[in-house]
Amino acid sequence: MIEINNLTLYYDEIKFFNKIHVSFPTEKMNIILGQNGAGKTTLLKIIAGMVKPDEGDIKTNNLKPFYLPQKINPVKGLSLYEYISSIYYRQDFKWQLSKEEKNKIISVLEELELIKKKDIATEKLSAGEFQKCNIAIGLLSKANLLLLDEPAANMDLINQIKVFDMIKKLKDKNITTIITLHDVNLAAHYGDYFVGIDINRNIFSGNKENFFNEKILKSIYNIPFKITNSHGEYSVQISN
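Note that the coordinates shown come from a computational prediction; the quantities given were computed from them, not determined experimentally.

### So, the overall build of the protein chain
In terms of helices and strands, the protein chain carries 8 helices and 11 strands. Counting only C-alpha atoms, the protein chain reaches 55 × 40 × 30 Å along its principal axes. Counting all 240 residues of the protein chain, 45% fall into the buried class. The contacts in the protein chain between residues at least 6 apart in sequence include a share of 63% that link residues at least 24 apart. For the protein chain, the accessible area works out to roughly 12,600 Å², and carbon and sulfur atoms hold 47% of it. Treating the 31 positive side-chain charges of the protein chain as one cloud and the 28 negative ones as another, the clouds have centres 2 Å apart.

This is the structure:
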């Protein structure tokens, strides 16, 4: 379990988080929902150790984090393959990749359907393809806690489904994921555990059955919803 207890964070002497408590189960797909500005990305960065709170206790169960921001600019002059393989050079001082490392890169490229693009310069990739490259780096990083900020933001529906199908399988490899999302239905379909933050930074959390009810979602987004449940598959619509 990843636990955040009594956490307080100030920005420019303004209290951003006020003694919040939230936890995330390990080896699950955890999804953070909320409006823009509610603090989803800030919470991810706190877990990653990139933002230091003013008060509070954070326990990450000794997991090794990898944080992927929503926006990364391509590195001009590097091919897709070179860009992805850079993770190994960052982790160890070396002159060349081992056969095992090369095989892992190829395997991830095939899984993400990027293998035909491996020799293309990163600046020539679509936004969605480049985001998949960054997800590939996360998968190769040896991290067991992936913190993904809107990982499917630049992808069409088909690629969103493919990427989330792959991410869902990571729990079978003892990898914990914490993901921020705007798409409530995508979250309901794939997530195991959910944390919602309203605009006043109150925290709501629970598994799918507990979290997806109209009262909680209205509190988070300040608009009414209609939720239907068909054999465990939840559908969320704005209620007129």
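### Overview of the packing of aromatic side chains
Note on aromatic pairs: each is described by the distance of the centres and the angle between the planes. A complete count under the given rule lists 9 aromatic pairs for this structure. Ring centres of Tyr83 and Phe130 lie 5.2 Å apart, and the angle between their planes is 35°; on these two criteria the pair is classed as tilted. Residue Tyr83 is found in helix α2 (residues 80-91), and its partner Phe130 is found in helix α4 (residues 127-140); the two are separated by 47 residues along the sequence. Between Phe212 and Tyr234, the ring centres sit 6.0 Å apart and the planes meet at 40°, which makes this aromatic pair tilted. Within this pair, whereas Phe212 is found in the loop between α7 (208-211) and α8 (214-221), its partner Tyr234 is found in strand β11 (residues 233-238), the two being separated by 22 residues in sequence. Accessibility assignment for this pair places Phe212 and Tyr234 in one class, buried. Three or more aromatic residues joined by ring pairs make a cluster, and in this case those are Phe194, Phe211, Phe212 and Tyr234.

### Things to note about the pattern of salt bridges
One pass over the structure, following the stated rule, counts 6 salt bridges. With its nearest N and O atoms 3.6 Å apart, the salt bridge here joins Glu55 to Lys19. Of this pair, Glu55 sits in strand β4 (residues 55-59) while Lys19 sits in strand β2 (residues 14-24), placing them 36 residues apart in sequence. Among the residues examined, Lys19 registers a relative accessible area of 43% and is labelled partly exposed.

### Quick look at helix α5 (residues 157-169)
Helix length check: α5, at 13 residues, gives a terminal C-alpha distance of 19 Å against a target of 18 Å (1.5 Å per residue), a fit within 8%. If you check which residues of α5 are buried, you get Gln160, Val163, Phe164, Met166 and Ile167. One side of α5 holds all its buried residues, which, seen down the axis, span an arc of 155°. Seen from the open side of α5, the exposed residues pointing more than 90 degrees away from its buried face are Leu157, Ile158 and Lys169. Of the surrounding secondary structure, the elements contacted by the buried residues of α5 are β3 (29-34), α3 (99-111), α4, β6 (145-149), β7 (176-181) and α6 (184-190).

### Notes on the environment of Lys162
Looking at the element boundaries, Lys162 is found in helix α5. Judged by its relative accessible area of 37%, Lys162 is partly exposed. Each C-alpha atom, one on Lys162 and one on Ala152, is 10.0 Å from the other, the two residues being 10 residues apart in sequence. At 2.6 Å, the side chain of Lys162 and the side chain of Glu113 are in polar contact.

### Details of the side chain of Asp198
For Asp198, the position within the fold is in the loop between β8 (193-197) and β9 (203-207). For the buried residue Asp198, which engages in no salt bridge, the nearest side chain bearing the opposite charge is Arg201, 7.7 Å off. In terms of polar contacts, Asp198 uses its side chain to reach the backbone amide nitrogen of Asn200, at 2.9 Å. In terms of polar contacts, Asp198 uses its side chain to reach the backbone amide nitrogen of Asn202, at 2.8 Å. Those residues in contact with Asp198 that sit more than four places away from it in its chain are Ala38, Phe204, Ser219 and Ile220.

### Examining the sheet that holds strand β5 (residues 65-68)
Here we have 6 strands laid out as an open sheet, ordered β5-β6-β7-β3-β8-β9, and mixed in their pairing. Strand pairing shows two members of the sheet lacking a second neighbour, β5 and β9, which therefore form its edges. Mean inter-strand twist for the sheet, computed between neighbouring axes without regard to direction, equals 15°. With 5 bridges connecting them, β3 and β8 associate as parallel partners. Residue pairing for β8: Ile31 is matched across the bridge by Phe194. Packing of helix α1 (residues 40-48) onto the sheet brings it into contact with β3, β5, β6, β7 and β8, and relative to β6 it is tilted by some 155°. Contacts from α5 reach β3, β6 and β7, with the element oriented near 150° to β7.

What counts, and at which threshold
- The numbering scheme is per chain: residues are counted from 1 as the chain's sequence reads.
- Confidence filtering applies because this is a predicted model: local features only for residues at pLDDT of at least 70, side-chain atom pairs given and counted only at 80 or more, and all residues used for totals across whole chains, interfaces and linings.
- Note that water and hydrogens are dropped before the side-chain values are worked out from all heavy atoms of the structure.
- The helix count covers DSSP runs of H or I at least four residues long, the strand count covers runs of E at least two residues long, and both are numbered beginning at the N terminus.
- Only protein chains enter the accessibility calculation, which uses a 1.4 Å probe; a residue whose area is less than 20% of its type maximum is buried, one above 50% is exposed, and one in between is partly exposed.
- We call two residues contacting when some pair of their heavy atoms lies within 4.5 Å.
- A 1.4 Å probe and the Shrake-Rupley method give the accessible areas. Residues count as covered only by the protein chains that appear here.
- The charged-residue count follows a simple rule in which Lys and Arg add positive charge and Asp and Glu add negative charge, with His and chain termini not counted at all.
- Lys charges are placed at NZ, Arg charges at CZ, Asp charges at CG and Glu charges at CD.
- Stacked, edge-to-face and tilted are the three classes for Phe, Tyr and Trp ring pairs, Trp counted by its six-membered ring, which pair at centre distances within 6.5 Å; planes under 30 degrees apart are stacked, over 60 edge-to-face, the rest tilted.
- Note on definitions: salt bridges are taken to be side-chain nitrogens of Lys or Arg within 4 Å of carboxyl oxygens of Asp or Glu.
- Every helix has an expected span of 1.5 Å times one less than the residues it contains.
- An arc is given here, and it is the one of the directions from the helix axis to the C-beta atoms.
- In protein, a polar contact requires one atom able to donate a hydrogen and another able to accept it; more generally it is a pair of N or O atoms within 3.5 Å, and residues adjacent in sequence count only if both atoms are side-chain atoms.
- Pairs of strands are assigned from DSSP output, requiring at least two bridges between the strands.
- Axes, fitted as lines to C-alpha atoms, cover a helix only where it is in contact. Angles between the N-to-C directions of the axes lie from 0 to 180 degrees.

It is worth stressing that arrangement in space is one thing and function is another; only the former is reported here.
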